[in-house]
Amino acid sequence: MGITSEYLPFIIPLLILQLVLAITAVVHVIRHPNYRFGNKVIWIIVVLCVSIIGPVVYFVFGRGEE
Amino acid sequence: MRQYMVFMNKEILEFIRTYKLLVLFAVFMILGIMNPLTAKLLPYIMGNFMPEGLTINIADPTAMDSWTQFYKNVPQMGLVVLVLIFAGIISNEYINNTLVNMLTKGLKPATLVLSKVTVAMTMWTGAYWCCFLITYGYTEYYWDQSKGSHFFFAALYLWIFGIFLIACVTAASSFFKNFYGSLIVTGAVVVIMYIISLAPKTNDYNPLSLASGNMNILNGVASPGDYKWSVAIALILSVVFTGVAILGISRVSFRRWK
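Small disclaimer: the values here were computed from a predicted structure and weren't measured.

1. Quick word on the pattern of salt bridges
Residues and elements named next belong to chain B. Applying the stated criterion across every chain, the model contains five salt bridges over all chains. The salt bridge partner of Lys-10 is Glu-93, with a shortest N-O separation of 2.8 Å. Taken together, the residues span a long stretch of sequence, with Lys-10 in helix H1 (residues 2-17) and Glu-93 in helix H4 (residues 91-95) at a distance of 83 residues. Look at Glu-93 and you get buried, because its relative accessible area is 4%. When the shortest N-O distance is used, the salt bridge between Lys-116 and Glu-11 registers 2.9 Å. Taken together, the positions of Lys-116 in helix H6 (residues 109-142) and Glu-11 in helix H1 put the pair 105 residues apart, joining distant regions of the chain.

As structure tokens, then:
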């Protein structure tokens, strides 16, 4: 318990930021189903499973033009 | 001047709508939190990886460990994300064919490049110092920072290196119709600087020292003044690269009109 509460000030903001990134990316993947390459399933997996880099790669390389 | 402001506005809107601003800030804020966390966790991680029966004494983490993580993570991950996000800064306009309209209606290539570079550098400034302040806050709270020296200069130099990279990626981006080209050129520039840095005598002049010598400044091994030539060369090259980007755009628009 002592160790957990010691790390809470780090873990809570970290989790929030990662969730914001992942959720924004997933919502975008689902609502804009045209990509430069890959398909919806691949991008959802990438965005959710590869933390930080996944959403970055999606927004830089993956998203298609409107 | 009016064109400059209008175009800057368009750039900022574009970065918000393509989520790139959000991604940039989120990544740098995550990095800012990760640095002190990794420093704090490192003794536990090391302890778990040790074979049984072998005991070594690992010193408790200090403020300097937190800053070591900062000057390792930001160049390795932060700068890579920075270059990725700005890789298409000009080539995207070629890909979407949005440049010809603006240039034929009288937008000067210089105005275009300067407004793009201004926006990119402002975003880098915001994200980077945000990351710095987060790491500084956590480190100040958990450890005693009184031993370090020149916190501001060490951070300022890495920021200047970021400015240099943005200018470099902008120049490269203006010559390619895809963004892999600008990534390759920027990567090549960094590799060349790395190869040059293998000769120790050149380190006083190499811009790469601005991203690698920061811990020496904090530890007091080097003084901020030791890097004055690196700073000067990085800033001069940034101006040159911006000029090259203007040439790149002029070349493309000239070819289109002919």
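2. Points about empty space enclosed by the protein
All names here are of chain B. Under the criterion given, the structure shown has two cavities of 30 Å³ or more. Here the largest cavity is characterised by a volume of approximately 60 Å³. Around the largest cavity, the lining residues are Glu-11, Glu-14, Phe-15, Thr-18, Lys-20, Ile-85, Gly-88, Ile-89, Asn-92 and Lys-116. In terms of residue count, the dominant contributor to the lining of the largest cavity is H1 (three residues).

3. Examining the packing of aromatic side chains
Applying the stated rule across the entire model yields 33 aromatic pairs over all chains. Relative to B:Tyr142, the ring of A:Phe10 has its centre 5.2 Å away and its plane inclined at 20°; by these criteria the two rings are stacked. Of this pair, A:Phe10 sits in helix H1 (residues 2-31) while B:Tyr142 sits in helix H6, placing the two residues on different chains. We classify B:Tyr142 as partly exposed; its relative accessible area is 22%. Here B:Trp67 and B:Tyr136 contribute two aromatic rings whose centre-to-centre distance is 6.2 Å and whose plane-to-plane angle is 55°, an arrangement assigned as tilted. With B:Trp67 in helix H3 (residues 63-86) and B:Tyr136 in helix H6, the pair connects residues that are 69 residues apart, well separated along the chain. For B:Trp67, a relative accessible area of 0% translates into the label buried. According to the relative accessible area criterion, B:Tyr136 is partly exposed, its value standing at 29%.

4. Looking at a nonpolar patch on the surface
On the surface, A:Leu8, A:Ile11, A:Ile12, A:Leu15, A:Ile16, A:Val20 and B:Leu22 cluster together into a nonpolar patch covering about 570 Å² of accessible area. With six residues, H1(A) is the largest single contributor of residues to the nonpolar patch. Residue placement: B:Leu22 occurs in helix H2 (residues 20-49).

5. Notes on the interface of chain B and chain A
The partner chain A presents 22 residues to the 27 residues of chain B that form the contact. The contact between chain B and chain A buries some 2,400 Å² in all, and 81% of this surface belongs to carbon and sulfur atoms. Linking chain B to chain A there are one residue pair in polar contact (both at pLDDT 80 or more). When its residues are assigned to classes, the side of chain B that touches chain A shows 22 nonpolar, two polar and three charged.

6. Digging into the nonpolar core
Residues and elements named next belong to chain B. Counting residues in hydrophobic clusters, the biggest one holds 95 residues, and the most contacted among them are Phe-70, Tyr-71, Phe-86, Tyr-128 and Phe-161. In terms of residues, this core owes the most to one element, helix H7 (residues 151-173), which gives 16 residues. Those residues within four positions of Tyr-128 in sequence are excluded, and the remaining contacts are Phe-28, Phe-70, Tyr-71, Val-74, Ala-155, Leu-158 and Trp-159.

7. Regarding helix H8 (residues 179-197) of chain B
Three or four residues apart is the spacing at which side chains of an α-helix point the same way, because the helix has 3.6 residues per turn. Here H8(B) spans 27 Å end to end across 19 residues, near enough to the 27 Å set by a 1.5 Å rise per residue. For H8(B), the set of buried residues is B:Phe179, B:Gly181, B:Ser182, B:Thr186, B:Val189, B:Met193 and B:Ser197. Each buried residue of H8(B) lies within a common arc of 160° when the element is viewed along its axis, so the set occupies one face. Structural note: H8(B) exposes B:Ile184 and B:Ile195 on the side pointing more than 90 degrees away from its buried face. Against helix H3 (53-62) of chain A together with H3, H4 and H7 of chain B lie the buried residues of H8(B). Of the residues flanking the start of H8(B), the one acting as N-cap is B:Asn178, its side-chain oxygen 3.3 Å from the backbone nitrogen of B:Tyr180.

Conventions adopted
Residues numbered from 1 in each chain as written. Chains lettered and ligands numbered in written order. Predicted model: local features only at pLDDT ≥ 70, side-chain atom pairs only at ≥ 80, totals over all residues. Heavy atoms only, no water. Salt bridge = Lys/Arg side-chain N within 4 Å of Asp/Glu carboxyl O. Helix = DSSP H or I, 4+ residues; strand = E, 2+ residues; numbered from the N terminus. Buried < 20%, exposed > 50% of the residue type's maximum accessible area, 1.4 Å probe, protein only. 1 Å grid on protein atoms, 1.4 Å probe; cavity = no way out; pocket = protein on both sides within 12 Å on 5 of 7 lines; lining within 4 Å. Points joined across faces, edges and corners; volume = space filled by probe spheres on them. Phe/Tyr/Trp six-rings, centres within 6.5 Å; stacked < 30°, edge-to-face > 60°. Patch = residues over 30% accessible without salt bridge, like charges linked within 9 Å, V, L, I, M, F, W, Y side chains within 5 Å. Areas by Shrake-Rupley, 256 points an atom, 1.4 Å probe, with all protein chains shown as cover. Contact = heavy atoms within 4.5 Å. Buried area = accessible area lost by both parts, 1.4 Å probe. Polar contact = N/O pair within 3.5 Å; in protein donor to acceptor, adjacent residues only side chain to side chain. Nonpolar A, V, L, I, M, F, W, Y, C, P; charged D, E, K, R; others polar. Core = buried A, V, L, I, M, F, W, Y, C linked by side-chain atoms within 4.5 Å. Expected span 1.5 Å × (residues − 1). Arc of directions from axis to C-beta.

By themselves, these figures tell us nothing about what the structure is for.
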